[in-house]
Amino acid sequence: MTRFLPRTAPPIRAGGLVAATALLLAAAPHTVASAAPTAAAPVVALGGPAQTALHPYAEGGDGPKRSTARITVTGADDTAYEGGFTVTFDLTGAAGIADVAFEPEAGIECAATAPGSATCTGHGISPGRSTVTDLLLTAAKGSEPGGTGTIRVTGEAEGTAFTPFTTEVTVGGPDLVMHRLPFDHEPVPGQKQQAPITFTNRGSRAADGVVLTLRHSRGLDIPQRYSNCAYTTDEAWTTARCTVEGAFEAGATYTLAAPLTLKTTDRAYRDIFGYGIHEAGAGAGAVRGATAARATRGTTGEVLRAVPAPRPMTARALDLEPGDNEHEADFRTENTADFVAYGDTASGRAGATVTARLGFRNDGPAWIGHLRSGESVAAVDFTVPQGATVTSAPEGCRGVSAEGTALPSGWTGPAPRYVCPTPATVRDDGGLDLSFGLRIDKVLLGAVGRVVVRGPEPRAAGLPFDPEPGNNTARVVLNGESGGPSPAPSDGPGDGASGTPGSATPTPTTGGAGAGAGGTVAPGAAQNTATGNDGSLAATGSSTAMAASGLAVTALTAGLVLFTAARRRRRA
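This text gives an overview of the structure that appears in the document. (Residues numbered from 1 in each chain as written. Predicted model: local features only at pLDDT ≥ 70, side-chain atom pairs only at ≥ 80, totals over all residues. Heavy atoms only, no water.)

### Examining the environment of H123
Mapped onto the elements of the fold, H123 is located in strand 8 (residues 117–125). Expressed as a C-alpha distance, the spacing of H123 and I108, which sit 15 residues apart in the sequence, is 7.7 Å. Excluding its chain neighbours within four sequence positions, the residues that come into contact with H123 are E82, G83, G84 and F85. Within polar-contact distance, the side chain of H123 engages the backbone oxygen of E82 at 2.5 Å. A distance of 3.5 Å separates a polar side-chain atom of H123 from the backbone nitrogen of G84. (Helix = DSSP H or I, 4+ residues; strand = E, 2+ residues; numbered from the N terminus. Contact = heavy atoms within 4.5 Å. Polar contact = N/O pair within 3.5 Å; in protein donor to acceptor, adjacent residues only side chain to side chain.)

Below is the structure:
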């Protein structure tokens, strides 16, 4: 069966499929067995845009301009449907209003089946939302501005119920085009820039109210607050959605009555500012919903207003793609963030399991975010103290050999070293708190493990924003001679990026070894013999560590903590 591509798909005239095989590349639709779903049958939902505006029909040139309506199907969150399915389009409600062609998703085939209808068939529906097809819509010849029609979408599959969907198509409408602002993209902390938001309605009718969306990352701020804006803030972003009343005429350009101020704060480093404009139809409801759920309103009493621009301004050509309504600006600020590693001390008898809390905090002033790539900002590299075995590690931490290389495929035992990546953003006054369970296999006085906060990859271990690399290391000390907090280690590699991190030489005590049978030692960890009351032991640590052989290795259990904002730790 032949699928339809954007440049080759012939239009389906709603209500006029007299010769289906001539209008679409003909093929017999895949037949799907249908059975009436029971009350317990899984339900999948069809969806798409509630409304789509069509460019008025125009003769000559490149022909009518196309609009796109993406039709989706949302499966159950936890279950994939494995069988075949059929999605049917009833186009009779849009007869004389819209001509329709199809651009199906890979693996899905669409064809005309009867005058005024078409089907798309496929196999398998994944959990969550996926695309069935894009409807490529143009205004029909003879249609008038303001003409409105509907397209009804239904589906069927064996043992599955579909929630139907209806989308409305209208000839003509507003087309709001946001102007790009000429920012200084390399500001300094404290710098303020004016943001005179300006947009043009390049459509065929006025917009009845607009919604202005402003979104900036943590290093930026807009000091003004308005009573007709709803504000939401999370770890990385602040978003304002402002409902602006009025009729915004076709062909006219508008700007804010008073320009906004975009401030670069003291915590700025790599930041983004996004600004977009949409008609208030759907956006206003979104603002009301956000306000009721989790947003707050401005309290200054001022109202954000848009007024006609004082002079003509250049706008881009008409384009109904959603991205044309908004822009984003990236900022690079010269700033620093001091990542400070911390370790822990613990004591226990042989065979006891203790908790070691370690990680780092960001002493600022900047926050660090990889907002575009989504990659980790840094990693905490932890080498286990000699004479101890990890019994539990935080979720997301991976075990590696003592040299930092990957363990053999299928490895399930404890490791001598762990690498724990951060999220893509680390706030000022944030960081990463980690908690490891350590079983003391043999009491070694002053056994030291090393904690290093470094770049996310060993080959790029530096932190280019950190002006004080000397505090990027710390110690985890087991059974030390004093109970005070651990100092940063002074021996071993300075950055902990490659090779075996340094550790102090522990002093073994007599007796006190935990019992166990022979086990497996992670690559890079030494396996040596020590005498104890309860037989031979195998301990994990650096590759030069001396440890007892023959210990049964316990399985690595689930992580104890999630990545959260780091608590500040007081230095002794």
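### As for the state of the cysteines
Overall, the coordinates contain three disulfides when judged by the stated rule. Between the sulfur of C110 and that of C120 lies a disulfide, 1.9 Å long from S to S. Taking the torsion about the sulfur-sulfur bond, which here is approximately 105°, the covalent link between C110 and C120 counts as right-handed. Of this pair, C110 sits in strand 7 (residues 109–114) while C120 sits in strand 8, and the two are ten residues apart along the sequence. Summarising the burial analysis for this pair, C110 and C120 share the class buried. Linked covalently through their sulfurs, C229 and C242 form a disulfide whose S-S length is 2.0 Å. Taking the torsion about the sulfur-sulfur bond, which here is approximately 110°, the covalent link between C229 and C242 counts as right-handed. Taken together, the residues C229 in strand 18 (residues 229–233) and C242 in strand 19 (residues 237–248) connect sequence positions 13 residues apart. Take C229: its relative accessible area is 0%, and that puts it in the buried class. (Disulfide = S-S within 2.5 Å. Buried < 20%, exposed > 50% of the residue type's maximum accessible area, 1.4 Å probe, protein only.)

### As for the environment of G404
By the element assignment, G404 lies in the loop between strand 32 (398–400) and strand 33 (417–421). Classification of G404 by relative accessible area gives partly exposed; the value is 29%. The sequence separation of G404 and D381 amounts to 23 residues, and the corresponding C-alpha distance is 9.0 Å.

### A few points about the sheet that holds strand 21 (residues 260–264)
With antiparallel pairing, three strands are arranged side by side in an open sheet as 14-21-17. In this open sheet, the two edge strands, each paired with only one partner strand, are strand 14 (192–195) and strand 17 (220–221). Sheet topology places strand 14 next to strand 21; four bridges connect them, and they run antiparallel. Directly across from A195, in strand 21, lies its bridge partner L260. (Pairing = 2+ DSSP bridges.)

### Some thoughts on the packing of aromatic side chains
This structure, assessed with the given rule, holds 13 aromatic pairs. Each ring, one from F248 and one from Y254, has its centre 4.9 Å from the other, and the planes form 80°; the classification is edge-to-face. Residue classification places F248 among the buried positions, given a relative accessible area of 2%. Of the residues examined, Y254 reaches a relative accessible area of 7% and is grouped as buried. Pairwise contacts between aromatic rings join F183, F273, Y275 and F331 into one cluster. Positioned above the aromatic ring of W237 is the side chain of R215, whose terminal nitrogen or guanidinium carbon lies 3.7 Å from the ring centre. Positioned above the aromatic ring of Y269, the side-chain terminus of R270 is 4.2 Å from the ring centre. (Phe/Tyr/Trp six-rings, centres within 6.5 Å; stacked < 30°, edge-to-face > 60°. Lys NZ or Arg CZ within 6 Å of the ring centre and 35° of its normal.)

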